[in-house]
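Residues per chain, in single letters:
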Amino acid sequence: MLESTSDVNVLIADQSSHTRLVLEAMLSEEKGISVAGLAADGDELLRKIKDNRPHVALVNYDLPKNNRLFTFKRIFSEAPTPIILLVNKEQLSLKLIQEVTALGVFAIILKPDGKRYPDYRSIAGELVSKVKAVKQTINWDVQQMLDSLEQEVETARTNKLEPKPEVETVIVIGASTGGTKALENIISNLSADIKATVLVAVHLPAGFTKSLAARLQSLSGCTVVEGRHGMQLKPGKVIISPGGRNMVIQPVMNHKVNYKISFSDELAYTYDRPSVDLLMQSVANSSVKKVLGIILTGMGKDGTVGASTIHKRGGMVIAQDEATSAIFGMAKSVIDSGVTHHVLPLSEIPQFINSYAEQNNTVGVTSDTI
């Protein structure tokens, strides 16, 4: 894993000087990203990778001197480097994904179409996110990455014209002190076929949330897992933020209807990790139809800003009451902010979630960003 304080050094390879300059300018504007160099063909790409040792290479699939992926094969054997591949939609296939992933492709991004010079700034968020994701990856598992990319490609291929959302309701739960016991009560009482994804951020250090996910899975009919990069949001799934990391969601293949797990190194309003605020904001700023934010027991104010964002976009916010909270800090803060719709004892929260997930009402989307 890269040091958390270091920039991600990216090498850009494209045959178009215009594209190279646009991508260089766009990425150089981002805090935490440094452009390590530019290349116009496969030979120059390999040479500069060896000279500059970048963390990741952003490469156009049509790069000259990379016929039959010859340059990728040389990079893989001579100077292994994660590659983010830019491809046209019509070039996508599962066979291509399998081939390039085996040769070090970390992520794939669809190029904007319909123009002589693609508007790369229209996908700036995805570009930046995937470049930074190299830094966030703890163990780069090729098979895991292949599975994730294949899932993304299949979603893009089958939903080209009017993508259908995988999930229309997302529930975000935030907690701290006393939160693990409260979560056991809630998750064990959720409907096994709940028509929602449940995202959880509880203040725990690295190494503790995997066992928490296993414990909750043993109590629930839902699928309970620790979040990992690329995991898609689906109904009936409970995703626990890994300890010490800020989990967020982002669109799958730049579609605005389906979402997957990602991680952020943004500075949150509090220093707590995982950040409830950042997770809630990323969901509130998505196009998910229905959003429910829940603040449970815990010390501090994490979640108040995120809950306010959910409230502003038309979502619903509930808080655990004082009588059933081990520490009435986070819940009190969000209640005092005036954005809660209901204050409930812990025993009533699971049934509220089940009922909310069954309702068909939708909400608007705010223009606020994280």
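Residues numbered from 1 in each chain as written. Predicted model: local features only at pLDDT ≥ 70, side-chain atom pairs only at ≥ 80, totals over all residues. Heavy atoms only, no water.

## Section: the sheet that holds strand β5 (residues 105–110)
Strand order across the open sheet formed by five strands is β2-β1-β3-β4-β5, with parallel pairing between neighbours. Edge positions in the sheet fall to β2 (33–39) and β5, since each of these pairs with one other strand and no more. Along the sheet, successive strands turn relative to each other by an average axial angle of 20°, direction set aside. The pairing of strand β3 (residues 56–60) with strand β4 (residues 83–87) spans four bridges and is parallel. Paired with A57 across the bridge in β4 is I83. Packing against the sheet, helix α1 (residues 17–28) makes contact with β1 (8–13), β2, β3 and β4, and its axis sits at approximately 165° to β2. (Pairing = 2+ DSSP bridges. Helix = DSSP H or I, 4+ residues; strand = E, 2+ residues; numbered from the N terminus. Axes fitted to C-alpha atoms, helices over the stretch in contact; angles between N-to-C directions. Contact = heavy atoms within 4.5 Å.)

## Focus: the sheet that holds strand β7 (residues 197–202)
Taken together, the seven strands give an open sheet; going across it, the order is β8-β9-β7-β6-β12-β13-β14, and neighbouring strands pair in parallel fashion. A single partner strand is all that each edge strand has here, and the edge strands are β8 (223–226) and β14 (342–344). On average, each strand axis in the sheet is tilted by 20° relative to the strand beside it, whichever way the strands run. The sheet contact formed by β7 and strand β9 (residues 237–240) spans four bridges and is parallel. Considered in β9, the bridge of V198 is made with V238. Relative to strand β6 (residues 169–175), helix α9 (residues 276–284) is tilted by about 170°, and along the sheet it contacts β6, β7 and β12 (290–295).

## Some thoughts on the packing of α9 against helix α10 (residues 304–312)
Running from amino to carboxyl end, α9 crosses α10 at an angle of 15°, the nearest separation of the two axes being 7 Å. With respect to each other, α9 and α10 are oriented roughly parallel. Our pair here, α9 against α10, has a crossing hand that is left-handed. Where α9 abuts α10, its residues D277, M280, Q281 and A284 lie against T304, V305, G306, A307, T309 and I310. Its residues assigned to classes, the contact of α9 with α10 comprises five nonpolar, four polar and one charged. (Parallel < 35°, antiparallel > 145°, perpendicular 65-115°, else oblique. Left-handed = near helix turned anticlockwise from the far one by under 90°. Nonpolar A, V, L, I, M, F, W, Y, C, P; charged D, E, K, R; others polar.)

## Remarks on the pairing of β9
Burial of the side chains of β9 extends over both faces: K237 and I239 are buried on one face and V238 and I240 on the other. Both β8 and β9 contribute to a ladder of four bridges, which runs parallel. Looking at β9, one finds that V225 is bridged to I239. (Buried < 20%, exposed > 50% of the residue type's maximum accessible area, 1.4 Å probe, protein only.)

## As for the side chain of N354
Mapped onto the elements of the fold, N354 is located in helix α12 (residues 349–358). A relative accessible area of 10% places N354 in the buried class. Among residues more than four places away in sequence, those in contact with N354 are N189, L190, S191 and I194.

## Section: the pairing of β6
With seven of its seven residues buried, β6 lies for the most part within the structure. Of the two faces of β6, both are covered, the one formed by T169, I171, I173 and A175 as well as the one formed by V170, V172 and G174. Relative to β12, β6 runs parallel, the two sharing six bridges. Looking at the pairing, I173 lines up with I294 of β12. Inspection of the sheet shows β6 paired to β7 by six bridges, in the parallel sense. Within β7, the position partnered with V172 by the bridge is L199. On the question of chirality, the crossover connecting β6 to the parallel β7 by way of helix α7 (residues 179–187) is right-handed. (Right-handed = clockwise from strand over helix to strand, strands pointing away.)

## Things to note about the pattern of salt bridges
Per the counting criterion, the structure on display carries 13 salt bridges. Salt-bridge contacts for R121 lead to E29; the nearest nitrogen and oxygen are separated by 3.2 Å. Note that R121 is positioned in the loop between β5 and α5 (124–136) and E29 in the loop between α1 and β2, a separation of 92 residues in sequence. The partner of K289 in a salt bridge is E168, with the nearest N and O atoms 3.3 Å apart. With K289 in the loop between α9 and β12 and E168 in the loop between α6 (142–158) and β6, this residue pair connects regions lying 121 residues apart in the sequence. We classify E168 as partly exposed; its relative accessible area is 38%. Look at the salt bridges and you will find they share partners, linking D41, D43 and K65 into a network. (Salt bridge = Lys/Arg side-chain N within 4 Å of Asp/Glu carboxyl O.)

## Focus: the packing of aromatic side chains
Tallied over the full model, the rule gives zero aromatic pairs. It is K290 that lies over the ring of Y356; its NZ or CZ is 4.5 Å from the centre. (Phe/Tyr/Trp six-rings, centres within 6.5 Å; stacked < 30°, edge-to-face > 60°. Lys NZ or Arg CZ within 6 Å of the ring centre and 35° of its normal.)

## Observations concerning helix α4 (residues 94–101)
Listing the buried residues of α4 in full gives L96, I97, V100 and T101. Taken down its axis, α4 places every buried residue within 120° of arc, on the same side. (Arc of directions from axis to C-beta.)

## As for unusual backbone geometry
Residue P274 is bonded to the preceding R273 through a cis peptide linkage, with omega at -5°. Along the chain, the position of P274 falls in the loop between β11 (259–264) and α9. For R68, which is not a glycine, the phi torsion comes out positive at approximately 55°. Inspection of the secondary structure assignment puts R68 in the loop between β3 and α3 (70–78).

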